Amino acid sequence: MKAPKIDYIVPSADCRPSKLPGYCEYVISPGEEVFDLLVADLNDDGTLDIYPHGHDSEDKVYLLPSMETSQFRAQNDRHGCDAADLNQDGLTDLYCTNGSQKGKGGDGNKVHLREQNGRFEILNPEGAEDKSGRGRVARFFNLTGDERPDLIVTNYGENSEVDFEPSAIYKGIADLKFTQVEAVDLANSGELCVEKADWDGDGYEGFLLCDRQVDSRLYVNQGGQLINVTEPIKYAKSWTDAKVFDFNNDSFPDFVAVTKVGLLLVFENSGNADEPFSKPRVRVHLPKILDMPIEDNPLLRPRGAYQLGIFDANNDTHPDILIGTDYPTSDGLFRGDFVFYGPKYKNYDSLGSVASGTGHIASYNHHSLVVARAGSNWSGEVVLLTPAPEKNQP
Ligand SMILES: [Ca+2]
Ligand SMILES: [Ca+2]
Ligand SMILES: [Ca+2]
Ligand SMILES: [Ca+2]
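Small disclaimer: the values here were computed from a predicted structure and weren't measured. (Residues numbered from 1 in each chain as written. Chains lettered and ligands numbered in written order. Predicted model: local features only at pLDDT ≥ 70, side-chain atom pairs only at ≥ 80, totals over all residues.)

### Describing the overall build of the protein
Applied cut-off: Strands here mean DSSP runs of E at least two residues long; helices mean DSSP runs of H or I at least four residues long; both are numbered from the N terminus. Each residue is classed by its C-beta neighbour count within 10 Å, where at least 20 other C-beta atoms makes it buried, 12 or fewer makes it exposed, and intermediate counts make it partly exposed; the C-beta atoms are placed from backbone geometry. Note that contacts rest on C-beta atoms placed from the backbone: two residues are in contact if these are within 7 Å.
Of the regular secondary structure elements, the protein holds one helix and 29 strands. Going through the 394 residues of the protein one by one, you find that 46% of them count as buried. Of the contacts formed within the protein by residues at least 6 apart in sequence, a portion of 49% connects residues at least 24 apart.

Written out as structure tokens, the structure is:
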């Protein structure tokens with residue numbers, strides 16, 4: 001098969017060489033804490049922009065390729081955000097979860113409604129304020145098959161003093177207006193990854209939820225009805241991240257997951273809506289996070305966590321997988337990020353030891369990823385990992 005044309009993005013900045021052959025890194029943000037990473041076209045000019053966000057009250061959207069920043073005042077205690085046009089005026093808006101004082105209640109989740117001048121107005125999303133429960137991830141998806149964006153919000157209920165809102169699904173019913181869907185019990189363990197997909201190709205989207213503490217869950221949406229199809233899935237315990245991708249090009253979405261104990265799993269969709277996934281096609285043990293035995297480092301044991309991103313790193317049309325580990329620096333260096341090459345994912349390149357973990361990885365385009373070497377409680381840089389522009393010269 002002929003290799004596809006590389007879709008280059010060349011920001012107005014210097015690109016630092018990467019250890020990944022042919023790649024370089026544009027530093028998008030030199031140092032901030034990052035709760036979640038959003039890649040979306042936030043000025044509606046047709047080019048994807050980057051919005052790393054955490055607890056800061058002054059927030060920046062990085063517009064590409066100019067690297068101009070659009071700064072705005074964000075809500076307090078903001079966690080995960082997602083983008084959609086919520087009032088159907090053609091301008092992309094944001095919905096962000098709120099930590100709600102570690103889940104004790106208080107201020108709820110917010111909409112950041114974009115105005116013509118590029119600023120955002122902070123408003124309450126009626127019916128989806130979600131005032132208690134420590135907000136984690138927000139993701140828009142298509143629950144009902146209409147044009148109104150629907151929403152999944154995950155909550156972490158670690159605080160025993162109050163009744164928590166568990167994670168919830170909200171149906172969009174009007175501009176900035178939602179109603180909660182009661183049919184699905186999503187628990188309150190603060191799922192840190194929510195990936196949506198139309199698993200059975202009927203135009204309605206289901207999703208999967210990664211859960212570091214209990215089993216992960218996968219739902220198919222059959223004509224507007226969500227059905228839990230997790231049971232036949234092997235190794236569904238303690239996924240720390242997952243991403244959806246059509247690995248075998250049959251137009252049914254597949255996915256890859258990484259687990260707390262260091263397994264890389266690729267699942268391919270059978271096309272059967274009642275049992276789309278069972279055994280993984282690929283099961284690979286990842287290299288150790290540290291050179292020292294994990295038992296010698298108590299900090300790592302309770303939170304072993306990998307992140308992943310999908311891109312074609314060697315331009316052979318097979319999707320490759322960047323694996324990162326999400327620890328702040330404490331003792332010594334991490335063995336760093338790895339790129340595993342498809343279709344078998346047995347061979348890999350190491351991108352070298354790093355002084356801090358990788359908190360989030362998001363897709364930018366077919367050959368590029370956004371990598372946050374920062375987490376919600378440690379700061380670091382956010383980079384665009386992309387083919388070096390020299391390669392684009394004829
Ligand atoms: Ca843009
Ligand atoms: Ca709008
Ligand atoms: Ca597929
Ligand atoms: Ca490849």
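Read on, since the account is not over.
### Some thoughts on the sheet that holds strand 22 (residues 282-285)
Condition: One bridge is not enough; two strands pair if DSSP finds at least two bridges between them. To obtain each axis, a line is fitted to C-alpha atoms, and for helices this fit is confined to the stretch in contact; angles are then taken between N-to-C directions over 0 to 180 degrees.
Across the sheet, which stays open at both edges, the four strands sit in the order 19-20-21-22 with antiparallel pairing between neighbours. The open sheet has two free edges, formed respectively by strand 19 (239-245) and strand 22, since each of these has just one partner strand. Taking each pair of neighbouring strands and ignoring which way they run, the sheet shows an average axis angle of 15°. In this structure, strand 20 (residues 254-259) lies alongside strand 21 (residues 263-267), joined through four bridges in antiparallel fashion. Residue pairing for strand 21: V256 is matched across the bridge by V266.

### Some thoughts on the pairing of strand 17 (residues 217-222)
Most of strand 17 sits inside the fold, with five of its six residues counted as buried. What sits between strand 16 (residues 206-210) and strand 17 in their antiparallel hairpin is a turn of six residues. One ladder, built from four bridges, connects strand 17 with strand 18 (residues 225-228); its direction is antiparallel. Its bridge partner being in strand 18, V220 is matched across the sheet by I227. In this antiparallel pair of consecutive strands, strand 17 and strand 18, the connection spans two residues, and G223 shows a positive phi of 60°.

### Quick notes on the nonpolar core
To keep it simple, the criterion reads: To count as a nonpolar core, a set of buried Ala, Val, Leu, Ile, Met, Phe, Trp, Tyr and Cys residues must be joined through C-beta atoms within 7 Å.
Among the nonpolar cores identified, the biggest contains 91 residues, and L151, V256, I321, L369 and V370 are the most heavily contacted of them. Setting aside residues no more than four positions away along its own chain, V370 makes contact with L37, V39, I50, A362, Y364, V382 and L384.

### Examining the sheet that holds strand 15 (residues 193-197)
In spatial order, the strands read 15-16-17-18; together these four strands make up an open sheet with antiparallel pairing. The open sheet is flanked by strand 15 and strand 18, the only strands paired with a single partner. For this sheet, the mean angle separating the axes of adjacent strands, direction not counted, is 20°. Here five bridges tie strand 15 to strand 16, and the two strands are oriented antiparallel to one another. For A197, the partnering residue across the bridge sits in strand 16 and is G206.

### Describing unusual backbone geometry
Residue P65 follows L64 across a cis peptide bond; omega there is 5°. Counting through the fold element by element, P65 comes out in the loop between strand 5 (58-62) and strand 6 (69-73). Its identity is not glycine, yet Q88 carries a phi of approximately 55°, on the positive side. On the secondary structure map, Q88 appears in the loop between strand 7 (78-84) and strand 8 (93-98).

### Concerning the pairing of strand 8
A large share of strand 8 lies buried, amounting to six of its six residues. The side-chain alternation of strand 8 yields two buried faces, one formed by D93, Y95 and T97 and the other by L94, C96 and N98. Bridge count between strand 7 and strand 8: five bridges; the pairing is antiparallel. Counted as the bridge partner of R78 is N98 from strand 8. Alignment of strand 8 against strand 9 (residues 110-114), held across three bridges, turns out to be antiparallel. Its bridge partner lying in strand 9, C96 is registered against K110.

### A few points about the environment of Q222
Structurally, Q222 can be placed in strand 17. We classify Q222 as partly exposed; it has 16 C-beta atoms within 10 Å. Along the sequence, Q222 and D274 sit 52 residues apart, while their C-alpha atoms lie 9.2 Å from each other.

### So, the environment of G133
Within the secondary structure, G133 is located in the loop between strand 10 (120-123) and strand 11 (134-141). What makes G133 buried here is the crowd of 31 C-beta atoms within 10 Å. As a C-alpha pair, G133 and E165 span 32 residues in sequence and 5.1 Å in three-dimensional space.

### Quick look at the environment of P280
Residue placement: P280 occurs in the loop between strand 21 and strand 22. Overall, P280 belongs to the partly exposed group, with 19 C-beta atoms counted inside 10 Å. C-alpha separation for the pair P280 and L265, spaced 15 residues apart in sequence, amounts to 6.0 Å. If we skip the residues at most four places from it in the chain, P280 touches K234, Y235, L265, V266 and F267.

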